[in-house]
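Understanding the architecture of this molecule
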Amino acid sequence: MFTRRRTQKATENRVLWTMTSPAIILMIVFVLMPLVIGLNISFTNWNGYSQSYYYIGIENYRRLVTDPMFQKAIINTVVYGMGSTLLQTILGVSYALLLNQPFALKNTMQTVVYLPAMLSSILVGYVWCFMVEYSHGAINDIALLFGVSKVDWMGNGNRAVLMITIANTLTFCGKAMLIYLAGLKGIPQSYYEAAGIDGASGFQCFRFITLPNLLPAITTSTILNLIGGLKLFGVIQSMSGGGPGYASHSLSTLINTIYFSYQDAGYASAIGIFTFLFIMSISIVLQSYLNRKAESNE
Amino acid sequence: MYDWKYLCYTKHYQEKERGNKMKKKIIVAILTAAMIITTLAACKKADPPVAAPTTAARSGEAELPAEAALQGDIVFATMSTGALGDIQAEMIADFMKENPGVKVEIQVNTTDYESLMKAKMAANDMPDVFMTHGWSLIRYSEYLLPLTGEPWAETMADTLKASMCDEDGNFYALSTTVDLTGVLVQMDILKELGMEMPVTVDNFLECCEAAKNAGYDAVFMAGKDTRSPAYVLDLMAPSFLLNNDDGTNASALADGSFDWDLWIPVVDFLQTLKDNGYMNIDCATADTIFQAEKLVNKEALFIFQRNSVLSQCWEISPEANVGFIPFPVQSAEDSPYLAGGEGVAFGIWKDGKHLDIARALLEFLARPENVEKMCYAEGAPSGQKNVEVSLGKIDPWVEQWSDVKALPWFDRVYLPSGMWAILRDTGSAIIAGEATPEEATAIMKENYLKLFSQQ
């Protein structure tokens with residue numbers, strides 16, 4: 001009987017490995033191998049297209065410490081990641097609370113809020129370009145109607161970062177909304193009824209019932225939004241191209257610029273390795289913290 | 001001891017279970033195989049299309065000329081769209097009609113052409129014939145077939161040799177046009193201000209001041225395209241560094257010993273235009289699509305752009321009084337100059353499988369009637385000495401400045417490949433106030449030394 005159970009387990013394991021082997025192969029070919037090759041290139045002076053290059057040790061990593069473009073890109077990446085996540089969480093929870101109530105056109109509103117998330121980020125960026133343009137942009141045209149003077153939204157580095165963060169937030173808050181909506185549906189109504197009987201106000205219900213029960217959804221949404229914000233590329237590339245100058249580059253767009261435009265594949269790979277470690281560290285730390293919080297609330 | 005019914009049932013059940021397990025294994029194996037095959041099929045290189053059969057010689061007819069024996073498929077890559085792209089597509093179609101055994105696949109890529117070509121160079125998998133967009137010598141020559149021995153080589157325009165020939169006199173592309181550029185000017189505004197065409201930098205700044213005081217944008221800068229500020233740096237660099245130089249700066253740039261403090265005045269010129277309010281308010285974010293309008297509507301006096309913008313102006317309004325002038329120089333004693341060099345040019349991948357077809361295609365493109373079509377579509381003079389082209393409204397301007405020397409684009413000759421991107425970023429940083437001239441120069445120097453060492 002013991003042998004029969006062992007054979008059964010062995011058979012189940014074989015089936016499991018067989019079914020997951022294509023995914024493992026894809027991971028190795030498209031994730032692990034490029035990572036290893038990128039790590040190798042990061043120790044060279046390869047320009048990205050010649051047939052020859054030389055190994056230069058950790059020179060590219062040393063350059064990370066003093067390069068002002070890289071330092072600016074890290075700050076921007078953190079702003080895009082944390083800023084977008086915070087705004088998407090606030091907006092997502094707000095939309096979810098609103099759409100959890102019954103009212104007419106609720107489904108239409110849900111679709112409208114989620115729609116931008118289905119568009120290509122490059123397309124979203126180009127649409128925003130026309131909105132923030134100085135001469136013929138929609139935002140400035142509306143501002144003029146109210147007697148407010150025009151602003152060159154993308155003409156200044158800080159304003160450009162702000163507009164990109166807002167564009168990213170409004171594009172993907174629909175995804176956060178869906179996650180929180182699902183979380184809200186899982187909170188038993190009896191909790192609110194009991195709280196109502198005890199005289200709890202709306203804010204108290206939100207603070208002591210809704211938020212703690214939404215923590216698993218917040219964990220999931222925050223991690224996803226953070227990773228998305230830290231990896232932001234399409235919106236930046238189409239709205240500002242990383243400019244003016246290099247003021248709005250994220251680590252992703254900086255890698256692209258340095259690899260293809262500056263013809264420095266070695267340095268770009270070093271930034272890529274740093275980006276990978278940076279995003280992984282933040283994700284792990286944040287996930288552990290949020291999971292501990294969720295467990296302590298249970 | 002054992003109930004026979006129970007035994008039969010158990011045996012039946014066991015057999016059924018074995019059968020089910022077998023079926024499950026077969027289904028799993030089929031699904032796994034299907035997934036692996038699908039994944040591998042996506043990576044499989046497409047089979048090359050079968051070459052069209054050659055026109056068979058009918059009995060009694062003379063033997064076909066050698067070109068008719070050309071057989072094979074090649075890839076032609078270009079970044080041209082619009083009128084120029086259409087002309088190139090027509091020419092390719094005509095070439096295939098002349099050579100029925102040849103199939104040419106046209107690949108068009110506009111915004112990412114350079115990135116795509118760099119990726120192809122890295123993979124050593126280039127198109128058979130491709131556009132070199134001014135970089136045939138400095139960037140692509142490692143992968144290009146030298147074309148010095150081609151039948152059309154003797155008719156290459158002399159103005160192209162400085163930027164296209166290496167130290168042994170070899171060149172690597174057929175340039176059908178010569179890129180000719182000056183400062184674009186709105187002549188009606190200039191007349192209204194009572195100013196003469198500026199010759200020196202001081203004259204130029206005086207014109208800018210007058211235009212600003214009259215409410216015009218002295219220099220329209222479409223900074224959303226970072227090439228715009230880069231053009232100012234690239235096109236004014238000879239004025240500051242080469243025009244009155246005895247060759248010292250040119251040699252220093254060639255051997256890597258250039259004193260980069262000399263670059264600061266070049267960047268300072270751009271900074272001056274910005275600080276004095278000579279540029280439009282949205283200089284860092286204005287789009288290039290408004291450039292022609294600004295000139296036609298008499299809203300801007302000068303633009304540092306390619307002459308092809310003039311063609312756009314005349315498309316909007318044939319009566320627009322716009323043209324181009326030589327770049328301002330440091331003193332009246334210095335000789336004025338325009339920017340010239342490799343224009344619409346094509347090279348051949350030296351490791352291509354069908355070099356005979358590629359060379360035949362270039363020979364076809366070099367025919368006078370085809371060069372003329374390219375020149376007309378681009379609005380630029382011919383890159384071949386044996387072709388005279390009438391370019392319409394731009395002809396009087398080309399004629400007016402026919403004695404003015406055309407210097408090659410500064411970055412293509414004096415800076416290593418890759419510095420154009422640095423010019424773009426530093427120029428953009430200057431007009432956005434994100435960097436000072438000293439900081440921009442430091443970035444230029446750092447990247448120059450790095451790229452120079454890679455050569």
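Residues numbered from 1 in each chain as written. Chains lettered and ligands numbered in written order. Predicted model: local features only at pLDDT ≥ 70, side-chain atom pairs only at ≥ 80, totals over all residues.

1. Structural notes on the overall build of chain B
Note the following rule: Runs of E in the DSSP output that reach at least two residues are strands. Runs of H or I that reach at least four are helices, and both are numbered from the N terminus. Our radius of gyration is a C-alpha quantity, and the globule rule it is checked against amounts to 2.2 Å times the number of residues to the power 0.38. Note on burial: count the other C-beta atoms lying within 10 Å of the residue's C-beta; 20 or more is buried, 12 or fewer is exposed, in between is partly exposed, and C-beta positions come from the backbone. Contact between two residues is assigned whenever their backbone-derived C-beta positions fall within 7 Å.
Within chain B, the regular secondary structure consists of 17 helices and 11 strands. Relative to the compact-globule value of 23 Å for 455 residues, chain B shows a C-alpha radius of gyration of 30 Å, a clear excess of over 25%. In terms of overall dimensions, chain B has C-alpha extents of about 120 × 75 × 50 Å along its principal axes. Across the 455 residues that make up chain B, the buried fraction comes to 45%. Here the analysis covers contacts within chain B between residues at least 6 apart in sequence; of these, 76% occur between residues at least 24 apart.

2. Comments concerning the overall build of chain A
If you tally the helices and strands in chain A, you get 12 helices and 0 strands. The C-alpha atoms of chain A give 24 Å as radius of gyration, which overshoots the globular expectation for 298 residues (19 Å, by more than 25%). In terms of overall dimensions, chain A has C-alpha extents of about 85 × 75 × 30 Å along its principal axes. Split into buried and exposed, the 298 residues of chain A put 35% on the buried side. Taking the intrachain contacts of chain A between residues at least 6 apart in sequence as the baseline, contacts between residues at least 24 apart amount to 73%.

3. Here we look at the packing of helix α7 (residues 227-241) of chain B against helix α16 (residues 419-431) of chain B
All names here are of chain B. Using the following cut-off: Between the N-to-C directions of two axes lies an angle of 0 to 180 degrees, each axis being a line fitted to C-alpha atoms and, for a helix, fitted only over the stretch in contact. Roughly parallel means an angle under 35 degrees; roughly antiparallel means over 145; roughly perpendicular covers 65 to 115; every other angle is labelled oblique. Three residue categories are used. Nonpolar comprises Ala, Val, Leu, Ile, Met, Phe, Trp, Tyr, Cys and Pro, charged comprises Asp, Glu, Lys and Arg, and polar comprises the others, including Gly.
Remark: α7 packs on α16, axes separated minimally by 7 Å, with the N-to-C direction vectors making an angle of 105°. Relative to α16, α7 is oriented roughly perpendicular. Across the interface between the two elements, R227, P229, A230, V232, L233 and D234 from α7 touch W420, L423, R424, G427, S428, I430 and I431 from α16. Residue composition of the contact of α7 with α16, by class: 8 nonpolar, 2 polar and 3 charged.

4. Comments concerning the sheet that holds strand β6 (residues 217-219) of chain B
All names here are of chain B. Quick note on the threshold: Note on pairing: DSSP must find at least two bridges between two strands before they are called paired.
A sheet is described by the order of its strands in space; here 4 strands give the open sequence β6-β7-β5-β8, paired in mixed fashion. On the outer flanks of this sheet lie β6 and β8 (322-325), each paired with one strand and no other. The average undirected angle you get between the axes of adjacent strands in this sheet is 25°. Sheet topology note: the β6/strand β7 (residues 300-304) ladder contains 2 bridges and is parallel. When the bridges of β7 are listed, V219 appears paired with F302.

5. Focus on the domain arrangement of chain B
All names here are of chain B. Filter applied, for reference: By convention here, the domain bounds are inherited from an automatic or database domain assignment.
According to the domain assignment, chain B contains domain 1 (68-179 + 343-393) and domain 2 (183-339 + 415-454). Once you take the C-alpha centre of each, domain 1 and domain 2 turn out to be 29 Å apart. Listed per partner, the contact involves 7 residues of domain 1 and 5 residues of domain 2.

6. Describing the interface of chain B and chain A
Every contact between the two is made by 31 residues of chain B and, on the other side, 29 residues of chain A. When contributions to the side of chain B that touches chain A are tallied by element, the ones reaching two or more residues are α1 (4-43), α3 (113-122), α16 and α17 (437-454) of chain B. Its residues assigned to classes, the side of chain B that touches chain A comprises 14 nonpolar, 12 polar and 5 charged.

7. What about the environment of M19(A)?
Checked against the element boundaries, M19(A) lands in helix α1 (residues 2-41). We classify M19(A) as partly exposed; it has 13 C-beta atoms within 10 Å. Along the backbone, M19(A) and M163(A) are 144 residues apart, and their C-alpha atoms lie at a distance of 45 Å. Setting aside chain neighbours within four positions, we find M19(A) in contact with V28(B) and T32(B).

8. Thoughts on unusual backbone geometry
Between G243(A) and P244(A) the backbone carries a cis peptide bond, its omega angle lying at 5°. Tracing the backbone shows P244(A) in the loop between α10 (234-239) and α11 (251-261). The phi dihedral of Q263(A) is positive, around 55°, even though this residue is not glycine. Mapped onto the fold, Q263(A) is located in the loop between α11 and α12 (265-297). The class of Q263(A) is buried, set by 27 C-beta atoms lying within 10 Å. Despite not being glycine, H133(B) shows a phi value in the positive range, around 35°. With respect to the helices, strands and loops of the structure, H133(B) is situated in the loop between β3 (129-131) and α4 (161-164).

9. Observations regarding the environment of E315(B)
Here E315(B) shows up in helix α11 (residues 308-316). With 35 residues separating them in the primary sequence, E315(B) and K350(B) have C-alpha atoms 40 Å apart.

10. What to know about the sheet that holds strand β1 (residues 72-78) of chain B
The pairing of strands in a sheet happens through backbone hydrogen bonds and is either parallel or antiparallel. Residues and elements named next belong to chain B. The 5 strands lie next to each other as β2-β1-β3-β10-β4, forming an open sheet whose pairing is mixed. The sheet is open, and its two edges are formed by β2 (102-108) and β4 (174-175), each paired on a single side. Direction of pairing for β3 relative to strand β10 (residues 345-348): antiparallel, over a ladder of 3 bridges. Paired with V129 across the strands is I348, a residue of β10. This element, helix α2 (residues 82-98), spans β1 and β2 of the sheet and lies at about 165° to β2. The strands touched by helix α12 (residues 355-365) are β1, β2, β3, β4 and β10; relative to β10, the strand with the most contacts, the crossing angle is about 160°.

11. Thoughts on the nonpolar core
Stated formally: The term nonpolar core means buried Ala, Val, Leu, Ile, Met, Phe, Trp, Tyr and Cys residues held together as one set by C-beta atoms within 7 Å.
Membership of the largest hydrophobic core comes to 170 residues, with the highest contact counts inside it found for L184(B) and L301(B). The biggest single contributor to this core is α7(B), with 9 residues. Lining this core are residues from two domains, each supplying at least three of them: domain 1 (68-179 + 343-393) and domain 2 (183-339 + 415-454) of chain B. Setting aside residues up to four positions removed in sequence, L184(B) forms contacts with L295(B), F302(B), I303(B), Q305(B), V309(B), L310(B), V322(B) and F324(B). Of all hydrophobic cores here, the second largest spans 13 residues; its members include Y95(A), A96(A), I179(A) and I218(A).

12. Side note on the pairing of β1(B)
On a regular strand, each side chain points to the face opposite its neighbour's, so the side chains alternate between the two faces of the sheet. All names here are of chain B. To be explicit about the condition: Assignment of crossover handedness uses the view with strands pointing away from the viewer, where a clockwise path from the first strand over the helix to the second indicates a right-handed crossover.
Bridging between β1 and β2 involves 7 bridges; their strand directions are parallel. In the strand pairing of β2, A77 is matched with Q107. In this view, the connection linking β1 to its parallel neighbour β2 by way of α2 has right-handed handedness.

13. Structural notes on helix α8 (residues 189-197) of chain A
With 0 of its 9 residues buried, α8(A) lies for the most part at the surface. In the stretch just after α8(A), G199(A) is the one whose phi turns positive, near 85°.

14. Section: the confidence of the model for chain B
All names here are of chain B. So the rule is basically this: Confidence of the predictor at the level of single residues is captured by pLDDT, which takes values from 0 to 100.
Here chain B shows a mean pLDDT of 87. Residues at 70 or above account for 90%. Considering only residues more than four positions removed or in separate chains, one finds that residues 44-67, a stretch of pLDDT under 50, has 23 contacts. Overall fold confidence (pTM) sits at 0.76, and the ipTM for the predicted complex is 0.72.

15. Let's talk about the environment of C129(A)
Residue and element names in this part refer to chain A. Its location among the elements puts C129 in helix α5 (residues 121-132). Accessibility expressed as a C-beta count within 10 Å gives 19 for C129, which makes it partly exposed. As for C129 and G228, which are separated by 99 residues in sequence, their C-alpha atoms are 21 Å apart. The contacts of C129, once residues within four sequence positions are left out, are S238 and M239.

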